[in-house]
Amino acid sequence: MHIAKRDNLPVWKAWLIRGIAIIIAISLCGLITYLFTKMNPITVVDKMFKGLFGSERKTWKTVYQVACLLGISLAVTPAFKMRFWNIGAEGQVLIGAFAAAAVMFYAGRMPFFNDPGVSMEVKNTIIFPAMMIAAVLAGALWGFLPAFFKSRWNTNETLFTLMMNYVALQIVKFMVSYRGFKNLWSPNGTAVGMINSDLASAGIGNFTKIGEKPGTQYLFPIVVVAVLTVVLYLYLRFSKHGYEISVVGESERTASYAGIKVNRVIIRTMILSGALCGLVGFLIVGAEGTIAANSVDGRGYTAVMVSWMSQFNPIGMIFSSLLLVFMQFGAKEVPMPDGVSLDKNFANMLMAIILFFIIGCEFFINYQLQFGRHKKREV
Amino acid sequence: MWKFIADFIPRAVVYGMPLLFGSTGEILTEKSGNLNLGIPGIMFIGAIAGTTGAYLYEHSVAELNPFLAIMIPVMCCLAGSFLMGLLYCFLTVTMRANQNVTGLSMTIFGTGFANFLGGVLTKLAKSDIANLDITRSVNYFGDGNHPGWLAYVGIGIAILTSLFLRYTRTGLQLRAVGENPATADAAGINVTRYKYLATIIGSMIAGLGGLYYIMASSRTWSEPQIDAAGWLAIAIVIFTTWRPAISIFASIGFGGLLVLSTNFPIGIKELFELVPYVVTLIVLIIVSLRKKRENLPPQSLGLPYFREER
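Procedures and definitions
Residues numbered from 1 in each chain as written. Chains lettered and ligands numbered in written order. Predicted model: local features only at pLDDT ≥ 70, side-chain atom pairs only at ≥ 80, totals over all residues. Heavy atoms only, no water. Helix = DSSP H or I, 4+ residues; strand = E, 2+ residues; numbered from the N terminus. Rg over C-alpha atoms; globule rule 2.2 N^0.38 Å. Buried < 20%, exposed > 50% of the residue type's maximum accessible area, 1.4 Å probe, protein only. Contact = heavy atoms within 4.5 Å. Areas by Shrake-Rupley, 256 points an atom, 1.4 Å probe, with all protein chains shown as cover. Polar contact = N/O pair within 3.5 Å; in protein donor to acceptor, adjacent residues only side chain to side chain. Buried area = accessible area lost by both parts, 1.4 Å probe. Salt bridge = Lys/Arg side-chain N within 4 Å of Asp/Glu carboxyl O. Nonpolar A, V, L, I, M, F, W, Y, C, P; charged D, E, K, R; others polar. Domains from an automatic or database assignment. Expected span 1.5 Å × (residues − 1). pLDDT = per-residue confidence, 0-100. Patch = residues over 30% accessible without salt bridge, like charges linked within 9 Å, V, L, I, M, F, W, Y side chains within 5 Å. Axes fitted to C-alpha atoms, helices over the stretch in contact; angles between N-to-C directions. Parallel < 35°, antiparallel > 145°, perpendicular 65-115°, else oblique. Left-handed = near helix turned anticlockwise from the far one by under 90°. Phe/Tyr/Trp six-rings, centres within 6.5 Å; stacked < 30°, edge-to-face > 60°.

### A word on the overall build of chain B
- When helices and strands are counted, chain B shows 12 helices and 0 strands.
- For chain B, the N- to C-terminal ordering of α and β elements is α-α-α-α-α-α-α-α-α-α-α-α.
- A compact globule built from 310 residues should have a C-alpha radius of gyration of about 19 Å, and chain B, at 19 Å, falls within 12% of that.
- Dimensions of chain B, computed from the C-alpha atoms along their principal axes, are close to 60 × 45 × 35 Å.
- Within chain B, the fraction of its 310 residues that count as buried is 58%.

What follows is the structure, encoded as structure tokens:
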């Protein structure tokens, strides 16, 4: 048996292989779910569907979860396309969220924002951009540091960004739990509650008041992420920057021979990547109105998977994030005998199984197996 | 003062041992060029496999046989982490998948599987308390304040790994595979076999770290934070610049930091937990600044090897 690299597989064939892999994986997941719940898989899917899209509010929330995951996946994509293994999205989003929450909080303590004479719209027009800028800057800083050291001294970026995740996590944990700050951030309680909820004009700096109906606070993040999807698609596909990113990703040497300043591209792209992660952090804080150590809740890592399993294609990412969110949040809706309910852990396990299949199937897309002695020409 | 130190050091060892197992396993793995980010997941699988074994054994016999009480959890743990290592190798070496993506998926899988199974077992046990009753088995692994025999095994493994990498011919060849697989291949070294063996043995060592966490550190299954220990173990790999013997001290040191942090009020505790990551970052930067060959990561770390690729 002999393994050879495929020349060029037609795109539809590649997606066919992926489709088959996903179908096998989902069947396996169904089987596992059946073994645990002894329920008809169709009933399970039906329950998941009802739990996620059963009411208007639930639908909003589900779409919002998809938007969050999609947003982070989009954010990490430019870096990945450059083969810069940025697994620091978790930290970049969290530190962005933290910066946004801090602005929201401290603005809420300023006299101007407590002045009942000023209308809510005016206050929010000032505070939203401020939160966004803070979040974007914080995320960009978290993206810039590993890129700087990578381009200067070739510091391993995977390990660097991994550590930065924990630095961000511990900073946030410290800020929301240290007594001195905790009393400020959350006067009573262990977790930081709804920020600014105590103000007469509750909802300064979060999207709750933008929409009237319940669930519509999720409208803004959804719209932003939708726009981002289109913009990033165009950026990667048609802009000069996007072209430079893919050349650097293919081969740094080729890029530098072609006159591309590789270091500059790396730093620029990572700042972009981090800034977009920060933006998503802002969206999360804006929609949820609070910050916690688990505000990102592993989605930074899941996003790496989404980006990779969609082959860095923003359109593919929409479907991948939908699939993963459906599984992660849908599993909670399925009860099990003996009072054990399927939970997030179970969903994560199934998600990983699907990922294993997708990871494995890439082999059949990139390589072909040749059995026996091959008579055809030697490449 | 003496009493404090005499109390403190054993507890630091108890907290540090999962890190030592994890980092030793990861060093062995990385020396073959595989950056296995699945270590937290592997440790989780090792832990739940061992715990399940202990639980089933403990609740099927009235009187525990010391030999079986030790061997059943250990063997289950080794088998579980062996399978995880095999999966990682199959995907990254044979199927040539991306190592970061594979590793992260394994961490997601391991964390999800272990916590789910742990939850199911706890519910099935119908105990009043929300943890798994393995109180009799854990006594064979130490008493919570003292490291227990498995700690000596861990230190032994770390020393042996160090000697193996440094002084044996096989160790030299393994390092060659990690530095430059093409050259190693040309010199007649079976790259695939080395990658498989190093990664699988590495993940079995790491799996023991998960077992130690449950059996000797926390002594019960109750929402364990093994993933945090796993990521910290990966940090230690960098911190010690890929040296298992130094990792003995680093792990105990970081373990000591964790012990100290429990004495402080919430908030300050979080700052203490920040220290290992910041220190590791600084070491990572300094090492890359100084560019001393023996301190740098293995050159082909994280890169797949395909002979026919140019």
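### Thoughts on the overall build of chain A
- A count of helices and strands for chain A gives 15 helices and 2 strands.
- A total of 379 residues make up chain A; the buried ones form 54% of that total.
- A separation threshold of at least 6 residues defines the contact pool for chain A, and within that pool the share at least 24 residues apart is 79%.
- Accessible surface, chain A as shown: approximately 17100 Å² in total, 64% of it carbon and sulfur.

### A look at the environment of Ser246 of chain A
All names here are of chain A.
- One can find Ser246 in helix α10 (residues 240-250).
- Of the residues examined, Ser246 reaches a relative accessible area of 23% and is grouped as partly exposed.
- As for Ser246 and Leu236, which are separated by 10 residues in sequence, their C-alpha atoms are 8.2 Å apart.
- A distance of 3.0 Å separates a polar atom in the side chain of Ser246 from the backbone oxygen of Tyr243.

### With respect to the interface of chain B and chain A
- On the chain A side, the residues contacting the 50 residues of chain B number 50 residues.
- A combined buried area of about 4600 Å² lies between chain B and chain A, and 79% of that area is made up of carbon and sulfur atoms.
- Summed over the shared surface of chain B and chain A, the result is 0 salt bridges.
- Connecting chain B to chain A are 2 residue pairs in polar contact (both at pLDDT 80 or more).
- Among the elements that line the side of chain B that touches chain A, the one with the most residues is helix α4 (residues 99-125) of chain B, at 16 residues.
- When the residues that make up the side of chain B that touches chain A are grouped by side-chain class, the tally is 32 nonpolar, 11 polar and 7 charged.

### As for the pattern of salt bridges
Residues and elements named next belong to chain A.
- In the structure shown here, the tally under the stated rule is 5 salt bridges over all chains.
- We note a salt bridge from Glu362 to Arg18, for which the minimum N-O separation is 2.8 Å. Of the two residues, Glu362 is situated in helix α15 (residues 344-366) and Arg18 in helix α1 (residues 11-37); the sequence distance between them amounts to 344 residues.
- Among the charged side chains, a network of salt bridges with common partners joins Lys240, Glu244 and Arg268.

### Looking at the domain arrangement of chain A
Residues and elements named next belong to chain A.
- Examined at the domain level, chain A breaks down into domain 1 (1-39 + 343-379) and domain 2 (52-333).
- In this complex, domain 1 contributes 14 residues to the contact, which on the side of domain 2 involves 13 residues.
- Of the roughly 1300 Å² buried between domain 1 and domain 2, counting both surfaces, carbon and sulfur atoms make up 78%.
- It is Lys344, Met351 and Leu355 that lose the most area in domain 1 upon contact with domain 2, and together they represent 38% of the buried surface on that side.
- Our enumeration of links across domain 1 and domain 2 arrives at 0 salt bridges.
- The interface formed by domain 1 and domain 2 contains 2 residue pairs in polar contact (both at pLDDT 80 or more).

### Examining helix α12 (residues 262-288) of chain A
- Between its first and last C-alpha, α12 of chain A extends 39 Å over 27 residues, near the 39 Å set by a 1.5 Å rise per residue.
- Looking at the residues trailing α12 of chain A, positive phi occurs at Gly289 of chain A, about 70°.

### Regarding the confidence of the model for chain B
- Summing up the model confidence of chain B, the mean pLDDT is 87 and the portion of residues at 70 or higher is 96%.
- Reported for the predicted complex are a pTM of 0.87 and an ipTM of 0.88.

### A closer look at a nonpolar patch on the surface
- Judged by side-chain polarity, Trp12, Leu16, Ile20 and Ile24 of chain A come together as a nonpolar surface patch covering roughly 440 Å² of accessible area.
- Judged by relative accessible area, Ile20 of chain A falls into the partly exposed class, the value being 45%.

### Description of unusual backbone geometry
- The backbone phi angle of Arg83 of chain A is positive, close to 55°, even though this residue is not glycine.
- Structurally, Arg83 of chain A can be placed in the loop between α3 (56-81) and α4 (89-108).
- Of note in the backbone geometry, Arg96 of chain B takes a positive phi value of approximately 60° without being a glycine.
- Considering the arrangement of structural elements, one finds Arg96 of chain B in the loop between α3 (66-94) and α4.

### Quick word on the packing of α3 of chain B against helix α9 (residues 191-218) of chain B
Residues and elements named next belong to chain B.
- Closest axis-to-axis distance for the α3/α9 pair is 7 Å, and the angle between their directions is 140°. Considered as vectors, α3 and α9 are oriented oblique to each other. Where α3 crosses over α9, the two elements pack in a sense that is right-handed.

### Let's talk about the packing of aromatic side chains
- Enumeration over the complete set of coordinates arrives at 23 aromatic pairs over all chains.
- Ring geometry for Phe346 of chain A against Phe116 of chain B: centres 4.6 Å apart, planes inclined by 50°, an arrangement best described as tilted. Within this pair, whereas Phe346 of chain A is found in helix α15, its partner Phe116 of chain B is found in helix α4, the two belonging to separate chains.
- The exposure class of Phe116 of chain B is buried, given its relative accessible area of 2%.
- Between Phe21 of chain B and Tyr212 of chain B the ring centres are 6.3 Å apart and the planes differ by 40°, which places this aromatic pair in the tilted class.

### As for the side chain of Thr155 of chain A
- Tracing the chain through its elements places Thr155 of chain A in the loop between α6 (120-153) and α7 (157-177).
- When near neighbours in sequence (up to four residues on either side) are disregarded, Thr155 of chain A contacts Phe149, Lys150 and Phe160 of chain A together with Leu284 and Ser288 of chain B.

### Focus on α1 of chain A
All names here are of chain A.
- When the terminal C-alpha atoms of α1 are compared, their 38 Å separation across 27 residues agrees well with the 39 Å that a helix rising 1.5 Å per residue should span.
- The complete set of buried residues in α1 reads Ala14, Arg18, Ala21, Ala25, Cys29, Ile32, Thr33 and Thr37.
- At its buried positions, α1 is contacted by α2 (41-53), α13 (299-309) and α15.
- Backbone geometry just after α1 places Lys38 at a positive phi near 55°.

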